[in-house]
Amino acid sequence: MGILSNLFGNKTYSYESSGGDDWTWLNGNIDSKRFNNPIKQYNTNFALQSIVNLRASYFSKGVFKVLDVNGNEIESHPLLEIFKSPNALMTKNEFLKQWVVLLSLYGYEYIYIDGTIGIKSIETVNSLVNTNPTLIENEITFKQLFNNTIEQNAKITFEDGSIQKVSISELISYYDTTSGLVRDNITKGTSRVEGCWESIVNVNKALDAKNILLGMPGGLGMITANPVNKQGQMVTMNPDDKKDLEDKLTNQRGLGSGKNAILTSTKPLKYESFVHRLKQFGYDDAINEDLNRVAISFNIPLDLLIKTGTYENQKEAEKRYIQGDIEQLSRNFCQPFTELYLQEGQELIMDYRHLEVFDTNPVNEVLKFSNSITQLLENEIITTEEARELFETIKKG
């Protein structure tokens, strides 16, 4: 340890102990439990909340459908009724959004199936409940999996500290990226949030710094003697002048009764404002950079998040995001229910074809094209003649 400390100096490094689950920090005060409250960060961090909420919002727009062996929709099925109101407190949209938030924050999530006579038949299922995965003790080691000695019960710790055992068959496990990378418990998932934790925390730090500057009373700045007077002589402010100026600013300046909104002085003074230089601190740029990093972690196109591109670019980004991340997420969600409650060849899906981004009505496409041409003309990007040529090209097919 002494040799490592000397080599590393005052920097903070870490190494894994032989046990695989303990970490030692050298010459630093970094909390080894830095990723210990993602819910708190989600509630107080606009970047994380915006990105996770966007993901949850898109996911919840899917329409549940049951398909038969030929891919045709089955109009009525008990499984569809469950999702209309998964439990007494939630609608379908609320339930799905909560599922995505927990999955996104922790990297894994459980749905608890509450049934009157077990869970084998969908007709006996009373409700579906999302659970905070940190409240469920369901540790499975690789050795147990390898030897097929997995414990068949899990423990749920409730808010009041009470513990209840449930069969693991009553829990549906989900993983956002992958599981098995935590050596002591292969049921834990890998969290995207943990991977970009520094960027998430940086956003709040930058906002705090900016708010401190903006929260200072009065015009943030500094008054000094003007270095050069009209005669070109160097000027300094003597102690009496300095005290007189401070007294006037403290006791006489203001908008109330007996106060002066403007103070005058016969001394050559110079005021340096700090407020207009706030941009030079680079807080907004730093926030945007960290916001982009978090968005990349969740596969969210920047055109969709920031909305600075053209209408077409945003729509293309939206379509790409739904067809990529969201539809894959929906397949992961539906698969366990397909296996549990549907006959062979049937499938539960979430359909997003009803969304505007997938609208292929030629009339709507022409209107979108016309609006785009209008914007180009208004911004003087193209001429009237060029616009006419574009319309002629479209007419010819």
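Since we're looking at a predicted model, the values are computed, not measured.

Scoring rules and cut-offs
Throughout this document, residue positions are counted from 1 along each chain, in the order its sequence is written. Totals for whole chains, interfaces and linings use every residue, but because this is a predicted model, local features are given only for residues with pLDDT of at least 70 and side-chain atom pairs only at 80 or more, for both listing and counting. Side-chain measures here rest on the full set of heavy atoms in the structure, leaving out hydrogens and waters. The helix count covers DSSP runs of H or I at least four residues long, the strand count covers runs of E at least two residues long, and both are numbered beginning at the N terminus. Relative accessibility thresholds used throughout: buried, under 20% of the residue-type maximum; exposed, over 50%; partly exposed, between the two (1.4 Å probe, protein chains only). The contact rule is simple, with two residues in contact once any of their heavy atoms fall within 4.5 Å. Put simply, a salt bridge is a Lys or Arg side-chain nitrogen that is within 4 Å of an Asp or Glu carboxyl oxygen. Patch building starts from residues that exceed 30% relative accessible area and form no salt bridge, then joins like charges within 9 Å and nonpolar side chains (Val, Leu, Ile, Met, Phe, Trp, Tyr) within 5 Å. What sets the accessible areas is the Shrake-Rupley method with a 1.4 Å probe; for residues, cover comes only from the shown protein chains. Only the stretch in contact is used when fitting a helix axis, every axis being a line fitted to C-alpha atoms; angles between N-to-C directions are given from 0 to 180 degrees. Angles are sorted into four bins: roughly parallel if under 35 degrees, roughly antiparallel if over 145, roughly perpendicular if 65 to 115, and oblique for all others. As a working rule, the residues Ala, Val, Leu, Ile, Met, Phe, Trp, Tyr, Cys and Pro are called nonpolar, Asp, Glu, Lys and Arg charged, and the rest polar, with Gly in that last group. Here a polar contact is taken to be a pair of N or O atoms separated by no more than 3.5 Å, where protein atoms must pair a possible hydrogen donor with a possible acceptor and residues adjacent in sequence count only if both atoms sit in side chains.

## Thoughts on the overall build of the protein
Consideration 1: Helices and strands together make up the secondary structure of the protein, namely 14 helices and 13 strands.
Consideration 2: Counting all 397 residues of the protein, 33% fall into the buried class.
Consideration 3: Summarising the internal contacts of the protein: among those between residues at least 6 apart in sequence, 60% fall at separations of at least 24.

## Describing the environment of Leu305
Consideration 1: Checked against the element boundaries, Leu305 lands in helix H11 (residues 302–306).
Consideration 2: Residue Leu305 is classed as buried on the basis of its relative accessible area of 18%.
Consideration 3: Remark: the alpha-carbon pair of Leu305 and Ile51, spanning 254 residues in sequence, is separated by 7.8 Å.
Consideration 4: Not counting chain neighbours up to four residues away, the residues in contact with Leu305 comprise Ile51, Leu54, Leu291, Ala295 and Ile300.

## Notes on the pattern of salt bridges
Consideration 1: Within this structure, the stated rule accounts for eleven salt bridges.
Consideration 2: A salt bridge links Asp325 to Arg55, with the nearest nitrogen and oxygen atoms 3.3 Å apart. With a gap of 270 residues between them, Asp325 in helix H12 (residues 311–341) and Arg55 in helix H3 (residues 46–60) connect regions that are remote in the sequence.
Consideration 3: For the salt bridge of Glu327 with Arg353, the shortest nitrogen-to-oxygen distance reads 2.2 Å. With Glu327 in helix H12 and Arg353 in the loop between strand S13 (347–351) and helix H13 (362–378), this residue pair connects regions lying 26 residues apart in the sequence.

## Remarks on a nonpolar patch on the surface
Consideration 1: Residues Ile296, Leu302 and Ile306 make up a contiguous nonpolar surface patch of about 250 Å² in total accessible area.
Consideration 2: Relative to the elements of secondary structure, Ile296 occurs in helix H10 (residues 283–297).

## What about the packing of H3 against H12?
Axis angle and axis distance: for two packed helices, these are the angle between their axes and the distance between the axes, and together they describe the pair.
Consideration 1: Where H3 meets H12, the closest approach of the two axes is 10 Å, and the angle between their N-to-C directions is 75 degrees. On the basis of the axis angle, H3 is roughly perpendicular to H12. Of H12, the residues touching H3 (which contributes Leu54, Arg55, Tyr58 and Phe59) are Glu318, Tyr321, Ile322, Asp325, Ile326, Leu329, Ser330 and Phe333.
Consideration 2: Considered class by class, the residues forming the contact of H3 with H12 number eight nonpolar, one polar and three charged.

## What to know about the side chain of Ser127
Consideration 1: Here Ser127 lies in strand S6 (residues 125–131).
Consideration 2: The class for Ser127 is buried, based on a relative accessible area of 11%.
Consideration 3: With near-sequence residues (within four places) excluded, Ser127 lies in contact with Pro86, Asn87, Tyr112, Ile113 and Asp114.

## Some points on the environment of Glu81
Consideration 1: Here Glu81 is to be found in helix H4 (residues 78–84).
Consideration 2: Of the residues examined, Glu81 reaches a relative accessible area of 44% and is grouped as partly exposed.
Consideration 3: Sequence separation of Glu81 and Phe64 is 17 residues, and the distance between their C-alpha atoms is 10.0 Å.
Consideration 4: A distance of 3.1 Å separates the side chain of Glu81 from the side chain of Lys84, its partner in a polar contact.

Just geometry here; none of it tells us what the structure is for.
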